[in-house]
Amino acid sequence: MNKLILALLFATLLFSCNDAAKSAEQETSRVRVISLNGSITETLFMLGWGDRLVGVDVTSTYPVVVTKLPVLGHVRSIQMESVLALKPTHIFLVKNEVKPEFISQWKNAGIDVIEITKEYSIEGSKNAISEIANALKQEEESKELIADIELQYQALKDTMTDERVLFIYARGGGNLMVSGMNTPVANMIRLAGAKNAITEFEDYKPLSIEYLVKSNPQAIVMFDTGLAAVGGVEGLGKISGIAETDAYKNKRIVSMDGQLLSGFGPRVVQGISELRTKLFSKN
């Protein structure tokens with residue numbers, strides 16, 4: 001009789017465990033995540049949430065598998081209907097990058113909206129990872145990722161030069177902007193050990209001969225896509241004033257993946273290292 005009772009108790013416990021496991025699995029399968037920032041997307045993948053992504057913004061290009069997901073366009077021009085059509089349960093975004101009315105509507109629809117603070121620095125990158133991990137209740141998993149960033153950064157030798165580096169943002173020959181101070185790329189240039197060529201203003205302004213003459217950059221940095229949009233190095237030289245710069249005369253034109261150069265995500269140190277190598281390897 002005792003053996004029968006024990007067997008029944010064991011069976012009940014086994015079924016309860018199976019039910020709990022199935023319930024947890026079903027709960028996980030119902031999670032549908034949208035990321036509206038490339039660095040957030042990278043972090044979600046590194047924290048094991050990549051398989052729950054159902055949609056991303058245009059800056060989400062890494063890892064490569066993310067390019068197979070529906071792309072919702074640029075965060076500034078996101079369409080409410082496109083987002084809701086993917087039936088997300090969670091939306092991750094950077095604070096102040098999405099219209100407040102959209103966020104309110106998503107929350108009213110029962111979607112969990114997680115707004116992440118974005119600061120373009122090493123500390124800012126680590127803090128963003130912590131915020132994302134906290135939202136996922138994966139604080140312990142994030143510690144290893146943050147520790148890895150710290151180790152990589154410590155391994156980089158401190159260096160600072162008077163090298164004047166100009167970043168040009170291009171969508172085509174007729175739409176060119178130059179970076180002033182306090183932009184993500186300007187911060188990356190500083191971390192790589194160089195100086196932003198333009199110091200008299202912040203953010204971006206249209207490229208002009210005046211800025212080229214004043215700054216006379218020793219190196220020009222662009223996104224890979226931007227350099228391609230103007231027709232490569234040869235096409236860049238046809239833009240008024242570019243061929244007269246020291247950078248172009250010495251063919252010191254550097255291009256990098258946009259997300260790696262300006263994203264300040266989990267690969268931030270890799271971005272610094274690559275930019276530093278491309279800027280100074282021939283010096």
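Residues numbered from 1 in each chain as written. Predicted model: local features only at pLDDT ≥ 70, side-chain atom pairs only at ≥ 80, totals over all residues. Heavy atoms only, no water.

The buried fraction of helix H2 (residues 38-46) amounts to seven of the nine residues, a majority that puts the element mostly inside the structure. Within H2, burial applies to Gly38, Ser39, Ile40, Thr41, Glu42, Thr43 and Leu44. Contacts from the buried residues of H2 go to strand E1 (33-35), strand E2 (53-56), strand E3 (90-94), strand E4 (112-116), helix H5 (122-136) and helix H12 (258-262). At the N-terminal end of H2, a side-chain oxygen is found 2.9 Å from the backbone nitrogen of serine 39, two or three residues along, and the residue is asparagine 37. Directly after H2, the chain includes glycine 48, whose backbone phi takes a positive value near 85 degrees. (Buried < 20%, exposed > 50% of the residue type's maximum accessible area, 1.4 Å probe, protein only. Helix = DSSP H or I, 4+ residues; strand = E, 2+ residues; numbered from the N terminus. Contact = heavy atoms within 4.5 Å. Polar contact = N/O pair within 3.5 Å; in protein donor to acceptor, adjacent residues only side chain to side chain.)

Moving on, we come to the sheet that holds E2. Sheet architecture is open: four strands sit in the order E2-E1-E3-E4, paired in parallel fashion. Only two strands of the sheet have a single partner each, and these edge strands are E2 and E4. Averaged over all pairs of adjacent strands, the angle between their axes in this sheet comes to 20 degrees, without regard to strand direction. Sheet analysis places E3 next to E4, joined by five bridges and oriented parallel. Bridging from a neighbouring strand, valine 94 pairs with isoleucine 116 of E4. (Pairing = 2+ DSSP bridges. Axes fitted to C-alpha atoms, helices over the stretch in contact; angles between N-to-C directions.)

For the coordinates displayed, the defined rule picks out two cavities of 30 Å³ or more. Quantified by volume, the largest cavity comes out at close to 50 Å³. Among the elements of the structure, H2 and H5 are those that each provide at least two residues to the lining of the largest cavity. Sorting elements by how many residues they give to the lining of the largest cavity places H5 first, with four residues. (1 Å grid on protein atoms, 1.4 Å probe; cavity = no way out; pocket = protein on both sides within 12 Å on 5 of 7 lines; lining within 4 Å. Points joined across faces, edges and corners; volume = space filled by probe spheres on them.)

This paragraph deals with the side chain of serine 215. Among the secondary structure elements, serine 215 is positioned in helix H8 (residues 209-215). Polar side-chain contacts of serine 215 include one of 2.7 Å to the backbone oxygen of tyrosine 211.

This part covers the layout of surface pockets. Its volume calculated, the largest pocket comes out at about 1200 Å³. Mapped onto the lining of the largest pocket, the elements with two or more residues apiece are H2, strand E5 (164-172), helix H7 (184-191), helix H9 (224-229) and H12. Split into classes, the residues belonging to the lining of the largest pocket amount to 14 nonpolar, 15 polar and eight charged. (Nonpolar A, V, L, I, M, F, W, Y, C, P; charged D, E, K, R; others polar.)

Here the focus is H5. In a regular helix each residue adds 1.5 Å, so 15 residues correspond to 21 Å; H5 covers 22 Å between its end C-alpha atoms and thus fits that length. Of the residues making up H5, those classed as buried are Ile122, Gly124, Ser125, Lys126, Ala128, Ile129, Ile132, Ala133 and Leu136. Of the surrounding secondary structure, the elements contacted by the buried residues of H5 are H2, E3, E4, helix H6 (139-155) and helix H13 (268-280). Once H5 finishes, lysine 137 follows within two positions and takes phi at roughly 60 degrees, a positive value. (Expected span 1.5 Å × (residues − 1).)

Moving on, we come to the packing of H5 against H6. Interhelical geometry of H5 versus H6 gives an angle of 170 degrees and a closest axis separation of 9 Å. Regarding the angle of H5 to H6, the classification is roughly antiparallel. Crossing handedness for the pair H5 and H6: right-handed. Between H5 and H6, the contacting residues are Ile122, Lys126, Ile129, Ser130, Ala133 and Asn134 on the first element and Glu139, Ser142, Leu145, Ile146, Ile149, Glu150 and Tyr153 on the second. Among the residues making up the contact of H5 with H6, the classes are represented as seven nonpolar, three polar and three charged. (Parallel < 35°, antiparallel > 145°, perpendicular 65-115°, else oblique. Left-handed = near helix turned anticlockwise from the far one by under 90°.)

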